[in-house]
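The chain contents come next:
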Amino acid sequence: MNLAELTFIAVALSMDAFAVSIACGISAEKIPTKNALAIAFSFGLFQAVMPILGWNLSALGYDVVKNFDHWVAFFILLVIGSKMLYDAYKNRGDCSCQKQTFANPLCLKTLAILSIATSIDALAVGISFKCLNYPIFYPSIYIGIITFLFCIFGVKFGNKIGCCHDSKFTFLGGIILIAIGIKILIEG
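As a starting point, this report considers the structure included with it. Just so you know, these numbers come straight off a predicted model, no measurement behind them. (Residues numbered from 1 in each chain as written. Predicted model: local features only at pLDDT ≥ 70, side-chain atom pairs only at ≥ 80, totals over all residues. Heavy atoms only, no water.)

**What to know about the overall build of the chain**
And then number 1: From N to C terminus, the chain includes 8 helices and 0 strands.
And then number 2: In the chain, which comprises 188 residues, the share counted as buried stands at 46%.
And then number 3: If you take every contact in the chain between residues at least 6 apart in sequence, the share linking residues at least 24 apart comes to 92%.
And then number 4: For the chain, the exposed area adds up to about 9,700 Å²; of that, 71% sits on carbon and sulfur atoms. (Helix = DSSP H or I, 4+ residues; strand = E, 2+ residues; numbered from the N terminus. Buried < 20%, exposed > 50% of the residue type's maximum accessible area, 1.4 Å probe, protein only. Contact = heavy atoms within 4.5 Å. Areas by Shrake-Rupley, 256 points an atom, 1.4 Å probe, with all protein chains shown as cover.)

Here it is, written out as structure tokens:
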């Protein structure tokens, strides 16, 4: 896997966290940089840890799927990408978010739940990496860093805009994941 492919994966994985970061920014009147850093660190950390976890968990069943690994990777990325597309379609034009109704993103419990929810797809990517016999440590760090950077920007950006734009970023992330899945299937 080259750096361009890894960058596409990292960007695609960060789209959910980026969209939620925008929502976090929207949810407050003003978010200081230290709070934006805390939110971005949490999202980036979970995005870095989950592929490693998925990679290690998949080692238990790799022998069973090694002959179908490209199909497994394709299916996982297709399902995740399709879910992102569905969520983006379902939430398009939804301007119902209000600053008072979004949970406090700096509450540790809320931040942990948001971080886990936005990194489940990274767990699946870790499984895909194991099926394709790709290394995981450095790609996971890279994914975490890209997510961190996107999320800092997302919180600050969200603080400046309204709520009607975040589904576009989720849609883009879904398209990228599906495209990578198709590429893996073709190369498989």
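**A few points about the environment of K130**
And then number 1: Take K130: it is sitting in helix 6 (residues 120-131).
And then number 2: Separated by 75 residues in sequence, K130 and W55 have C-alpha atoms that sit 5.2 Å apart.

**What about the nonpolar core?**
And then number 1: Within the largest apolar cluster, 21 residues are counted, with the highest numbers of intra-cluster contacts made by I9, L13, V125, F129, I143 and I180.
And then number 2: Within the residue set of this core, elements represented by two or more residues are helix 1 (3-26), helix 6, helix 7 (137-160) and helix 8 (166-187).
And then number 3: Dropping the residues within four chain positions of it, F129 is found in contact with M1, L6, I9, W55, Y134, P135, I136 and P139.
And then number 4: Among the nonpolar cores identified, the runner-up in size contains 12 residues, and A17, I31, A40 and F43 belong to it. (Core = buried A, V, L, I, M, F, W, Y, C linked by side-chain atoms within 4.5 Å.)

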